[in-house]
Protein chains: 2
Amino acid sequence: MKSRWNSHCTQCLLKKHLTNYPDTATEEERLTYIRRLFSILTDIAPGESSPVIVNRILTLQKEMFDQFVDYTDIKKHFNQLMLEQEDWIYADISSAADPIRRALQYVMKGNYIDFGVLSDVNSEKLMELLSQAKDQTIDEQIFDELMQDLTSAKNMVLLTDNCGEIVLDKLLIRTIKSQFPDLQVHVIVRGGHALNDATMEDACQVGLPDLVKVIGNGTCLQGTYLPDISKEARDLLEQADVILSKGQGNFESLQYCGLNIYYLFLCKCDLFTKRFHTHLYNGILTNDRYV
Amino acid sequence: MKSRWNSHCTQCLLKKHLTNYPDTATEEERLTYIRRLFSILTDIAPGESSPVIVNRILTLQKEMFDQFVDYTDIKKHFNQLMLEQEDWIYADISSAADPIRRALQYVMKGNYIDFGVLSDVNSEKLMELLSQAKDQTIDEQIFDELMQDLTSAKNMVLLTDNCGEIVLDKLLIRTIKSQFPDLQVHVIVRGGHALNDATMEDACQVGLPDLVKVIGNGTCLQGTYLPDISKEARDLLEQADVILSKGQGNFESLQYCGLNIYYLFLCKCDLFTKRFHTHLYNGILTNDRYV
């Protein structure tokens, strides 16, 4: 299996976390923190990727400096903001010539709400991106394969990523279910606080459990690392005919796993724009067999 | 002894060197380079400081990528540029009320020519700083102590730093010798290529050996690390009544050594401006007993 870790992510995480300690930290604490950060960034086991490493760094910061950013209010804000957009977006999806295609376009653009990758997430940019959803290109071959898979599938799992955008995930599921009413759909959210990623609490705020069965994955990583998630979540994924995976973190932690995963995300960093030969804030639909 | 190493320098060197490899480096080489860079930045023995660490990093780059910046032309350029300023500066020094004080002011400002610390060294800024030399403040107590030491001293050593500014070092020595004709003066330059630091070749270009005895220190560090330099250079330093040390690198590697060293440098990074409670491009005269 190809490595999920790379020098680009090492540099990016260093840039973000090298001085991420309180001003009151002593010189001895700073040097200890840097040494432990270096250890984390070098002692990476095969298969591990950015979400696993970020989680170790955040744990180090919590342990050494009791430093922890609470995203509760931010998550409530973005969930509410997106709930306010739900009606017009669903009207646009429903009236489109191909509602599933349009729902996918919104889902890709909505993946902007990512406090893990972006340093400035704001409502204006989000609204601008949503207004451009209908122009979001989709790989036609992969889209056709997804439609064929959905036609023959008995069950599907959607792996959510960030808060707020789960409103769009809900609209995608609603659209898919209206076209494939017999398809059984499960949603897997994070099992605990992972920056601004959606948890069961967020799923409840946007009414996702009224539509499908939602479970936490048993971990608080900003991704889905199969060796670490609960048996229930892993079984669901391994038995799914089709998996839709949202966001860069899920892509980074799942790529090369061999499951029938369709990845949907917005490219938000150099590594992704280079890898997919595209520009910042362009959405990608791909499948694990092509990555 | 206090540590010569600190978290600020770790961060600065990482910022400068983390991606300092050729574009053609493979992913495996990049990860190996980063790991070895981390090792260098954590395996630091007591007493070691930035010049020693930088030298290890440059050696790593040379070894892995055959990457080496040749400063020969840059050094010739700045030596020549400063030789062209020699006459008007020496005239200004000679006509000053206190020539040694004025010579020290020039020497501090000239320490700008530092490719190790600054990312953009240019002639315009150098000329601007030299034109401000007469306004450069000097710690009066330390200046008085230096004058008293020179009065009673039998021998003095000057440790040079960068190319170009050694013309000013020469003028300082000439000025001191005119006031203290019996004082024996030695100059120690780097023993080999250390970025743009002055070596024997540069000393010859500016005519320093016509005035005083000049020796190389036997190493190619951007500083003076006592355990590493030649016995001849170390003996000279240990037997000197007064030592004048130029530049940040010499300060970083010699501080706390206990010799009677007067440090002269221009503050060119945050660590120095914070430590000496001053602003960028301000000169400092201090002594090892006060650092």
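Residues numbered from 1 in each chain as written. Chains lettered and ligands numbered in written order. Predicted model: local features only at pLDDT ≥ 70, side-chain atom pairs only at ≥ 80, totals over all residues. Heavy atoms only, no water.

Next up on the list: the overall build of chain A. Across its full length, chain A holds 12 helices and 6 strands. The C-alpha atoms of chain A give 19 Å as radius of gyration, which agrees with the globular expectation for 291 residues (19 Å, within 12%). Projected onto its principal axes, the C-alpha coordinates of chain A cover approximately 60 × 40 × 35 Å. Expressed as a percentage of its 291 residues, the buried residues of chain A come to 59%. By sequence separation, contacts in chain A at least 24 residues apart represent 71% of the contacts at least 6 residues apart. Put simply, chain A shows about 12100 Å² of open surface, and 49% of that area lies on carbon and sulfur atoms. Charge centroids of chain A, computed over 29 positive and 41 negative side chains, lie 3 Å from each other. (Helix = DSSP H or I, 4+ residues; strand = E, 2+ residues; numbered from the N terminus. Rg over C-alpha atoms; globule rule 2.2 N^0.38 Å. Buried < 20%, exposed > 50% of the residue type's maximum accessible area, 1.4 Å probe, protein only. Contact = heavy atoms within 4.5 Å. Areas by Shrake-Rupley, 256 points an atom, 1.4 Å probe, with all protein chains shown as cover. Lys, Arg positive; Asp, Glu negative; His and termini not counted. Charge placed at Lys NZ, Arg CZ, Asp CG, Glu CD.)

This part is about helix H11 (residues 247-254) of chain B. All names here are of chain B. Among the 8 residues in H11, 8 count as buried, and that is most of the element. Taken as a whole, H11 has its buried residues at Gly 247, Gln 248, Gly 249, Asn 250, Phe 251, Glu 252, Ser 253 and Leu 254. Looking one or two residues beyond H11, the residue adopting positive phi is Tyr 256, at roughly 75°.

Moving on, we get to the environment of Pro 51 of chain A. Its location among the elements puts Pro 51 of chain A in helix H3 (residues 50-65). What Pro 51 of chain A contacts, discounting residues up to four positions off in sequence, is Leu 221, Gln 222, Gly 223, Gly 249, Glu 252 and Ser 253 of chain A.

All right, on to the domain arrangement of chain A then. Residues and elements named next belong to chain A. You can read the domains of chain A as domain 1 (7-65) and domain 2 (72-290). The C-alpha centroid of domain 2 is placed 28 Å from the C-alpha centroid of domain 1. In this complex, domain 1 contributes 13 residues to the contact, which on the side of domain 2 involves 13 residues. A buried area of about 1000 Å², summed over both sides, lies between domain 1 and domain 2, and 63% of it is on carbon and sulfur atoms. For the pair domain 1 and domain 2, the number of links is 3 residue pairs in polar contact (both at pLDDT 80 or more). Those elements giving two or more residues to the side of domain 1 that touches domain 2 turn out to be helix H1 (7-17) and H3. The greatest single-element share of the side of domain 1 that touches domain 2, amounting to 6 residues, is contributed by H3. Of the residues in the side of domain 1 that touches domain 2, the class split is 6 nonpolar, 5 polar and 2 charged. (Domains from an automatic or database assignment. Buried area = accessible area lost by both parts, 1.4 Å probe. Polar contact = N/O pair within 3.5 Å; in protein donor to acceptor, adjacent residues only side chain to side chain. Nonpolar A, V, L, I, M, F, W, Y, C, P; charged D, E, K, R; others polar.)

In summary, the two copies of the chain are related to each other by a rotation about an axis coupled with a shift along it. Overlaying chain A with chain B gives an RMSD of 0.0 Å, the required rotation being 180° about an axis along which the chain moves by 0.0 Å. Here the transformation between the copies is reduced to the relation of a two-fold axis. Relative to the rotation axis, the C-alpha of Phe 38 of chain A is the closest in chain A, positioned 3.1 Å from it. (Least-squares fit on C-alpha atoms with pLDDT ≥ 70 in both.)

Turning our eyes to something else, we now look at the packing of H1 of chain A against helix H2 (residues 27-42) of chain B. When two helices pack together, their arrangement is given by the angle between the helix axes and the distance between those axes. H2 of chain B packs onto H1 of chain A with a crossing angle of 35° between their chain directions and a minimal axis gap of 9 Å. Within the contact between the two elements, H1 of chain A uses Ser 7, Thr 10, Gln 11 and Leu 14 of chain A and H2 of chain B uses Glu 27, Arg 30, Leu 31, Ile 34 and Phe 38 of chain B. Each residue belonging to the contact of H1 of chain A with H2 of chain B can be placed in one class, and the counts come to 4 nonpolar, 3 polar and 2 charged. (Axes fitted to C-alpha atoms, helices over the stretch in contact; angles between N-to-C directions.)

Another aspect to go through is the pattern of salt bridges. Residue and element names in this part refer to chain B. The full count for this structure, using the stated rule, is 33 salt bridges over all chains. Across the pair Lys 246 and Glu 165 runs a salt bridge whose closest N-O atoms are separated by 2.9 Å. Here the residue Lys 246 occupies a position in strand S4 (residues 242-246), and Glu 165 occupies one in the loop between strand S1 (155-159) and helix H8 (166-179), the gap between them amounting to 81 residues. A single burial state applies to Lys 246 and to Glu 165, both of which are buried. (Salt bridge = Lys/Arg side-chain N within 4 Å of Asp/Glu carboxyl O.)

Attention now goes to unusual backbone geometry. Residues and elements named next belong to chain A. For Asp 66, which is not glycine, the phi dihedral falls at a positive 50°. Position of Asp 66 among the secondary structure elements: in the loop between H3 and helix H4 (72-95). A relative accessible area of 59% places Asp 66 in the exposed class.

What follows is about the sheet that holds strand S3 (residues 213-216) of chain A. All names here are of chain A. Pairing is mixed across the open sheet formed by 6 strands, whose spatial order is S3-S2-S1-S4-S5-S6. The open sheet terminates on both sides in strands that have one partner only, identified here as S3 and strand S6 (283-287). Put simply, the sheet's adjacent strands are angled 20° from each other on average, direction ignored. With 5 bridges connecting them, strand S1 (residues 155-159) and strand S2 (residues 184-189) associate as parallel partners. Residue pairing in the sheet places Val 157 in a bridge with His 186 of S2. (Pairing = 2+ DSSP bridges.)

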